[in-house]
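Tertiary structure, described
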Amino acid sequence: MSLGTNSLSFKHSSHALQFGRLSHWKSLVQQTDYFRASSVRLLCRKRNSRFFAMLNGDDNVENETGTVRQLLAKLCKASLRATFPDDLELEPLVAICTGKFGDYQFNNAMGIWSKIKGQPGPFNKPFSVGEAIRKTLPPSDMIESTSVAGPGFVNVVLSKPWIAKRIHAMLLNGIGTWAPVLSVRRAVVDFSSPNIAKEMHVGHLRSTIIGDSLARMLEFSNVEVLRRNHVGDWGTQFGMLIEYLFEEFPNWDDAGEQAIGDLQLFYKASKKKFDEDNTFKERAQQAVVQLQGGSPNYRRAWQQICEISRREFDQVYQRLGVHLEEMGESFYSPYIPGVLHELDNKGLIQESDGARVIFLDGYNIPLIVVKSDGGFNYASTDLAALWYRINEEKAEWIIYLTDVGQSQHFEMFFSAAKRAGWLPQDGGYPKTTHIGFGLVLGSDGKRFRTRSSEVVRLADLLDEAKAQSKKQLIERGREDEWTPEELEEAAEAVGYGAVKYADLKNNRLTNYTFSFNQMLDVRGNTAVYLLYAHARICSIIRKSGKDVEELKMTGSIQLDHVNECILGIHLIQFPEIVEDAITNLLPNTLCEYLYNLSEIFTKFYSTCRVVGSEEETSRLLLCEATAVVMRQCFYLLGIKPLYKL
């Protein structure tokens, strides 16, 4: 929401309806024969008994959980049922208002008019449909006034006292009371997924931080999230690594991890020999057979390699504040034969050029599930993993994060799962979603690499982000004001937060250019600017000398100034922004909201004196509410807040 739009949100139309007593609302329903007939038909519908409970004051909609949009949708739905009882498929269309006549808008009139145009009745244009919806809205403390504009748009102005009470209740009861209400209860988020024996590089950055952010949003919404790290820990490369270990270090078991040393150098050396020595290549392929057959010696070597690699991954995850449970390819491998047997029994698998495949409508190539040499592949592993997640983990929503280049693989794999009957053909749960994302580019517009054209190690990138952040803090004089521990903590918060936010603020489907200079800029839409904005709010509260916790208990919020109102409305829209970010799987939605919140607060603070004003208590509570929401945004984006400049 832009600041300019919000500054006009509180103008009232001359057609505004002031909601008052229940009797006034009932009389509006009975103004025409059409409405009387509708009311009689509605009485006969058992499914609408809840609506009449609302009429009698037995159901206070605004006290229910949910976003502002969800609460308004319930009111709109009640109106639609009263006005058009024969069309039970009508669902309310509620949106944040972009015009000057209200805060929210009901947008059903045009769609309804397209259905009833030409039929007998009281409606002669979309405006009249909108007016009918407006008149039959149930009374509600959350609505100050309504009006109809253009082709039937019903504009809603929210009650300022209701907004103030909703914000105050959040301060008293916690930000968790604003969590969106979702239909899903358990979800798997499959993200990061590096390959064992290879370093995490900048290519893993987007999957890791986008996946973590979406997992946090789902968890905030009271969804049980199974965070899965589907690492590449099985396959041909391990035969290569193990055989090289055996050849170079015959006593590797005694030498332990020292035999391998630097795993990256070890991998490069073994790969070089694999590519150049056919005899070694054959032995490496046999080593894979030994490993997958369960040979103890090969299993111990494999476990040692995995453990070294896992510790390196964990160091990166700890720095990023990301939690994952590893369930790699090796975990699902035992399930593959049974899953393929089930698919075979259902007639899905066919022979083709020596391989076993599933033919799918709409694709020129089949989905290979067993290679011509008898080996399994990504598709067979992914099918086994999906079977396990649906049948054993009982997940309702399985979300996969990889680059957009793998989109076709996931489309085909999901299509095969639907043919198998694991997923419904027409939507619903369980469901699967592939989240694709674009590339991280360098200043030359190509894939982000080092000067020697190697892929950028993620650990090196984080080191540089922290170093540049620390340098910036020292230049601002913080070294003289803070302890060394505080300086280190702030450098990490700003550096790592800058890297995350620079990625998350972009639409994940697009490529973006990596630039330390841009992401560490103290101006504009950057983590640095937002972290400093939060710290400034905390400073305002500290300088007041007031106990905010006491103010929460004894004070109240008033929204008399226009910029107080704009800030209040933006604050209470936080839950539905989170809901939108989850629904569309776009964290940049939350980033945009957070940046707009900081801008709206700045305008509020520049026009509304806080400390020492007559409205000090109310405005300090608004400052605190803004800080609380900002901190929750930071948490959902995986960013640590700063509390002082």
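If you're wondering where the values come from, they're calculated on a predicted model, not measured in any experiment. (Residues numbered from 1 in each chain as written. Predicted model: local features only at pLDDT ≥ 70, side-chain atom pairs only at ≥ 80, totals over all residues. Heavy atoms only, no water.)

In terms of regular secondary structure, the protein is built from 28 helices and 15 strands. The buried share of the protein, reckoned over its 645 residues, is 54%. Pairs at least 24 residues apart make up 74% of the contacts formed inside the protein by residues separated by at least 6 positions. For the protein, the accessible surface area stands at approximately 28800 Å², while carbon and sulfur atoms represent 48% of it. (Helix = DSSP H or I, 4+ residues; strand = E, 2+ residues; numbered from the N terminus. Buried < 20%, exposed > 50% of the residue type's maximum accessible area, 1.4 Å probe, protein only. Contact = heavy atoms within 4.5 Å. Areas by Shrake-Rupley, 256 points an atom, 1.4 Å probe, with all protein chains shown as cover.)

Moving on, we get to the confidence of the model for the protein. The pLDDT averaged across the protein works out to 87; a share of 88% of its residues lies at or above 70. Every residue in residues 1-63 is under pLDDT 50, and counting partners more than four places away or in other chains gives 121 contacts. (pLDDT = per-residue confidence, 0-100.)

This part covers the pairing of strand 12 (residues 397-403). Taking burial as the measure, the seven residues of strand 12 include six buried ones, the bulk of the element. For strand 6 (residues 186-190) and strand 12, the ladder comprises four bridges, and the chain directions are parallel. When the bridges of strand 12 are listed, Asp190 appears paired with Tyr400. Bridge analysis of strand 12 against strand 13 (residues 431-437) gives seven bridges, and the strand direction is parallel. Bridge pairing links Tyr400 to His434 in strand 13. At this point the chain moves from strand 12, through helix 18 (residues 407-419), to the parallel strand 13, and the crossover so formed is right-handed. (Pairing = 2+ DSSP bridges. Right-handed = clockwise from strand over helix to strand, strands pointing away.)

What follows deals with the packing of aromatic side chains. Overall, the coordinates contain 25 aromatic pairs when judged by the stated rule. Centre to centre, the rings of Tyr244 and Phe280 are 6.4 Å apart; their planes meet at 90 degrees, and the pair counts as edge-to-face. Within this pair, whereas Tyr244 is found in helix 10 (residues 236-248), its partner Phe280 is found in helix 13 (residues 278-292), the two being separated by 36 residues in sequence. The exposure class assigned to Tyr244 is buried, which follows from its relative accessible area of 13%. Aromatic ring contacts, followed pair by pair, group Phe331, Tyr332, Tyr335, Trp387 and Tyr388 into a single cluster. Over the face of the ring belonging to Trp302 we find Arg299, whose NZ or CZ atom lies 5.8 Å from the ring centre. Residue placement shows Lys431 over the ring face of Trp397; its charged tip is 4.2 Å from the ring centre. (Phe/Tyr/Trp six-rings, centres within 6.5 Å; stacked < 30°, edge-to-face > 60°. Lys NZ or Arg CZ within 6 Å of the ring centre and 35° of its normal.)

The pairing of strand 9 (residues 349-352) with strand 10 (residues 355-358) spans four bridges and is antiparallel. In the sheet register, Gln350 faces strand 10, and the bridge partner there is Val357. Between the end of strand 9 and the start of strand 10, which pair antiparallel, lie two residues, with Asp353 showing a positive phi angle near 55 degrees.

On to the sheet that holds strand 8 (residues 325-326), then. Strand order in the open sheet formed by five strands is 8-7-6-12-13, with parallel pairing between adjacent strands. The open sheet has two edge strands, strand 8 and strand 13, and neither has a second partner. One ladder, built from two bridges, connects strand 7 (residues 224-229) with strand 8; its direction is parallel. Bridging across to strand 8, Asn229 finds its partner in Glu326.

Moving on to the environment of Ala149. Here Ala149 is to be found in strand 4 (residues 143-149). C-alpha of Ala149 to C-alpha of Glu131: the two residues are 18 residues apart in sequence and 9.2 Å apart in space. Apart from the residues lying within four places of it in its own chain, the contact partners of Ala149 are Phe101, Phe127 and Asn155.

Where strands meet in a sheet, backbone hydrogen bonds hold them as pairs that are either parallel or antiparallel. A sheet is described by the order of its strands in space; here three strands give the open sequence 9-10-11, paired in antiparallel fashion. At either end of the open sheet lies a strand with only one pairing partner, and these are strand 9 and strand 11 (367-370). When strand polarity is set aside, the average angle formed by the axes of neighbouring strands in this sheet is 45 degrees. Lying on the sheet, helix 16 (residues 336-345) is in contact with strand 9, strand 10 and strand 11; it crosses strand 9 at an angle near 95 degrees. (Axes fitted to C-alpha atoms, helices over the stretch in contact; angles between N-to-C directions.)

Membership of the largest hydrophobic core comes to 168 residues, with the highest contact counts inside it found for Leu72, Leu461, Phe574, Leu590 and Val629. The element that contributes the greatest number of residues to this core is helix 28 (residues 616-637), accounting for 13 residues. Among the nonpolar cores identified, the runner-up in size contains 35 residues, and Leu226, Ala379, Ile398 and Ala420 belong to it. (Core = buried A, V, L, I, M, F, W, Y, C linked by side-chain atoms within 4.5 Å.)

The interhelical angle for the contact between helix 23 (residues 527-544) and helix 27 (residues 588-607), taken along N-to-C directions, is 40 degrees, at an axis separation of 10 Å. By the angle between their directions, the pair helix 23 and helix 27 is classed as oblique. For the crossing formed where helix 23 meets helix 27, the hand is left-handed. Residues Tyr529, Leu530, Ala533, Ile537 and Ile540 of helix 23 form the contact with helix 27, whose participating residues are Leu594, Tyr595, Ser598, Glu599, Phe601, Thr602 and Tyr605. Tallied by class, the residues present in the contact of helix 23 with helix 27 amount to nine nonpolar, two polar and one charged. (Parallel < 35°, antiparallel > 145°, perpendicular 65-115°, else oblique. Left-handed = near helix turned anticlockwise from the far one by under 90°. Nonpolar A, V, L, I, M, F, W, Y, C, P; charged D, E, K, R; others polar.)

So, about the packing of helix 14 (residues 296-320) against helix 19 (residues 458-475). For the pair helix 14 and helix 19, the least separation of the axes is 10 Å and the interaxial angle reads 35 degrees. In this structure, helix 14 meets helix 19 at a crossing whose hand is left-handed. Touching Val316, Arg319 and Leu320 of helix 14 are Leu458, Ala459, Leu462 and Asp463, all from helix 19. Taken together, the residues of the contact of helix 14 with helix 19 break down into five nonpolar, no polar and two charged.

For helix 10, spanning 13 residues, the distance from its first C-alpha to its last is 19 Å, which sits close to the expected 18 Å at 1.5 Å a residue. Those residues of helix 10 that fall on the buried side of the exposure criterion are Phe238, Gly239, Met240, Leu241, Ile242, Glu243, Tyr244, Leu245 and Phe246. (Expected span 1.5 Å × (residues − 1).)

Once that is clear, we can look at the pattern of salt bridges. Evaluated as defined, the whole model comprises 40 salt bridges. A cluster of three or more residues bridged by salt bridges with shared partners is formed by Asp212, Arg216, Glu219 and Arg227. (Salt bridge = Lys/Arg side-chain N within 4 Å of Asp/Glu carboxyl O.)

Looking at the element boundaries, Ser128 is found in helix 7 (residues 126-135). There is a polar contact of 3.2 Å between the side chain of Ser128 and the backbone nitrogen of Asn124. (Polar contact = N/O pair within 3.5 Å; in protein donor to acceptor, adjacent residues only side chain to side chain.)

Assignment of secondary structure puts Thr83 in helix 5 (residues 68-83). A polar contact of 2.8 Å, which involves the side chain of Thr83, links it to the backbone oxygen of Ser79.

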